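The lines below spell out each chain.
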Amino acid sequence: MTDQAPAPYAGPQRVLSGVQPTGDLHLGNYLGALVKFARLQHEIETFIFVADLHALTEWVDPSKLKSNVREIAAAYLATGLDPKVANIFAQSAVPAHAELAWIFNCVARLGWLDRMTQFKDKAGKHKERSSVGLYTYPVLQAADILVYKATHVPVGEDQRQHLELTRDIAAKFNHDFEAPGFFPLPDALTQGPGARIMSLRDGKVKMSKSDPSDYSRINLTDDADAISQKVRKARTDPEPLPETLDELKARPEAENLVGVYAALSGRTAQDVLGEFAGQGFGAFKPKLADLAVSVMGPIGGEMRRLLADPAEIDRILAAGAERARAVAEPTLAEVKRIVGYWAG
Ligand code: AQP
């Protein structure tokens, strides 16, 4: 008998992604994720959610959670997501995510989760004191994606491993329940110059909301002065910029700043080197600061304007959730039938 390739997924293409409401969004979230959302919405049906269930995996002040959700929604809108085109909603407004996650908890294998490096990074030395939710977070992420049968997931490079897990869960579900092609095996869209933006204080660690130093990141809400100051104080080395990308490899901070310049200006890193080779950071940083202010400054202003009208943001999220439920609920009903649930 010959092994037959599993039936391919034949449904529509969809984009799904989300961001946790766990603090100020930064340049890494913007370049790694948000700019891609705004672009893709015009190409494929797009679902973008605020991951408030994921936020619960670490302690979050209950009195702040709702306003944090609005802030992420405002960031989505300020960076170009159009609620008439994309479906924007809060994860907790679509209970099908959590219900499907339970079924996927029974599909995923412990060994798969044991390999997740992000859990190791986030739990650090205190693994035993981490929530079980932090451990199973990638399973909920698989449910977030597959409840919409999403085929494309725009994320930063740090999420690539979780996307592999989603593909493994989809394939095992399709196989175990003899439902070939039921779930797609989604692709991570990590390409592009902003896929991994590093800390401004240390070019070897990624820019992150949870870094204790605010000088490690540029926040979407930073004003022009703060952005310029952070770029000026960014760690660098005394050498001038080289001519080739190869020569940048051993200089992580320099490589990061050139990458940020390239991503913000829509050019390649090689092109940026072509302009700045031979110049030191004394010349390069002011140009980068001006560029960052011109791109990021208006986003913060637009977020503040949107947040002054929370009722409008709530209306957008409610409308998006209704459209999201209309897609997610039939998928969940079908999964329950396939699995053999007593109650549908
Ligand atoms: N440094 C980064 N470079 C490129 N992309 C990044 N992303 C995060 N950091 C970078 C991408 O942003 C999206 C939203 O991420 P998230 O907030 O849901 O979770 P995260 O990856 O845990 O983000 P942070 O900022 O690093 O938060 P903390 O400090 O809480 O862990 C994702 O697509 C992510 O890839």
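Here the residue index of a chain counts from 1 through its sequence in written order. Residue-level local features of this predicted model are given only where pLDDT is at least 70; pairs of side-chain atoms are given and counted only at 80 or more, and the full residue set underlies all totals for whole chains, interfaces and linings. In computing side-chain properties, one takes all heavy atoms of the structure into account and sets aside hydrogens as well as water.

Student: Even after reading the chapter, I still don't get the layout of surface pockets, so can you show me in this structure?
Tutor: The gaps of empty space that remain are located by a probe, the size of a water molecule, rolled over the atoms. Its boundaries defined by the atoms lining it, the second largest pocket holds a volume of some 350 Å³. Lining the second largest pocket are 15 residues, and of these Pro6, Ala7, Asn174, Pro180 and Gly181 lie nearest its centre. Only Asp, Glu, Lys and Arg are considered charged, only Ala, Val, Leu, Ile, Met, Phe, Trp, Tyr, Cys and Pro nonpolar, and every remaining residue, Gly among them, polar. Tallied by class, the residues present in the lining of the second largest pocket amount to 10 nonpolar, four polar and one charged. Buried and open spaces are told apart on a 1 Å grid over the protein atoms alone, a cavity being a set of points where a 1.4 Å probe fits but cannot get out and a pocket being an open set with protein on both sides within 12 Å along at least five of seven lines. Residues with an atom within 4 Å of a point are the lining residues. Grid points are joined across faces, edges and corners, and a volume is the space filled by probe spheres set on the points.

Student: Looking at this structure, how should I read helix 11 (residues 269–276)?
Tutor: Three or four residues apart is the spacing at which side chains of an α-helix point the same way, because the helix has 3.6 residues per turn. Each residue gets one of three labels from its accessible area relative to the maximum for its type: buried under 20%, exposed over 50%, partly exposed in between, using a 1.4 Å probe on protein chains only. In DSSP terms, a helix is any run of H or I states spanning at least four residues, a strand is any run of E spanning at least two, and both are numbered starting from the N terminus. For helix 11, every residue scored as buried is listed here: Val272, Leu273 and Phe276. One face of helix 11 carries all of its buried residues, which in axial projection span an arc of 100°. Note on contacts: a residue pair is in contact if any heavy atoms of the two residues lie within 4.5 Å. Those residues of helix 11 hidden inside the fold are in contact with helix 10 (252–265) and helix 12 (281–307). Two residues or fewer past helix 11, Gly278 is found with a positive phi of approximately 90°. In this description, one arc is meant: the one made by directions from the helix axis to the C-beta atoms.

Student: When you look at the domain arrangement of the protein in this model, what are you seeing that I'm missing?
Tutor: When the parts come together, some accessible area is lost, and that loss is often what is quoted as the size of the interface. Those domain boundaries reflect an automatic or database domain assignment. Its domain assignment divides the protein into domain 1 (14–190 + 309–339) and domain 2 (214–221 + 229–305). Each of domain 1 and domain 2 was reduced to a C-alpha centroid, and the two centroids are 30 Å apart. Listed by partner, the interface residues are 13 residues for domain 1 and 14 residues for domain 2. Summed over both partners, the interface of domain 1 with domain 2 buries about 1100 Å², with 77% contributed by carbon and sulfur atoms. Here the quantity called buried area is the total loss of accessible area, with a 1.4 Å probe, experienced by two parts when brought into contact, counted for both. On the domain 1 side of the contact with domain 2, Leu27, Tyr30 and Ala78 bury the most area, a combined 42% of that side's loss. Basic side-chain nitrogens of Lys or Arg form a salt bridge, by our definition, when they fall within 4 Å of a carboxyl oxygen of Asp or Glu. Our count for the contact surface shared by domain 1 and domain 2 stands at zero salt bridges. Any N or O atom pair separated by 3.5 Å or less is treated as a polar contact, with the protein-specific requirement of one donor-capable and one acceptor-capable atom, and with residues adjacent in sequence counted only for side-chain atom pairs. Between the two partners, domain 1 and domain 2, sit two residue pairs in polar contact (both at pLDDT 80 or more). For the side of domain 1 that touches domain 2, the secondary structure elements donating two or more residues are helix 1 (27–40) and helix 3 (62–78). Each residue belonging to the side of domain 1 that touches domain 2 can be placed in one class, and the counts come to eight nonpolar, two polar and three charged.

Student: Looking at this structure, I do not really get the nonpolar core. What am I missing?
Tutor: Across soluble globular proteins, you tend to see nonpolar side chains buried next to one another. Within the largest apolar cluster, 56 residues are counted, with the highest numbers of intra-cluster contacts made by Leu27, Tyr30, Leu34, Tyr76, Leu220, Leu264 and Phe284. With 10 residues, the top contributor of residues to this core is helix 12. When we break this core down by domain, the ones giving at least three residues each are domain 1 (14–190 + 309–339) and domain 2 (214–221 + 229–305). Sequence-distant contacts of Leu264, defined by excluding residues within four places in its chain, comprise Leu27, Tyr30, Leu31, Leu291, Ala292, Val295 and Met296. Counting residues in each nonpolar core, the second largest holds 47 residues, with Ala101, Ala123, Val155 and Leu163 among its members. What we call a nonpolar core is a set of buried Ala, Val, Leu, Ile, Met, Phe, Trp, Tyr and Cys residues that are connected through their side-chain atoms within 4.5 Å.

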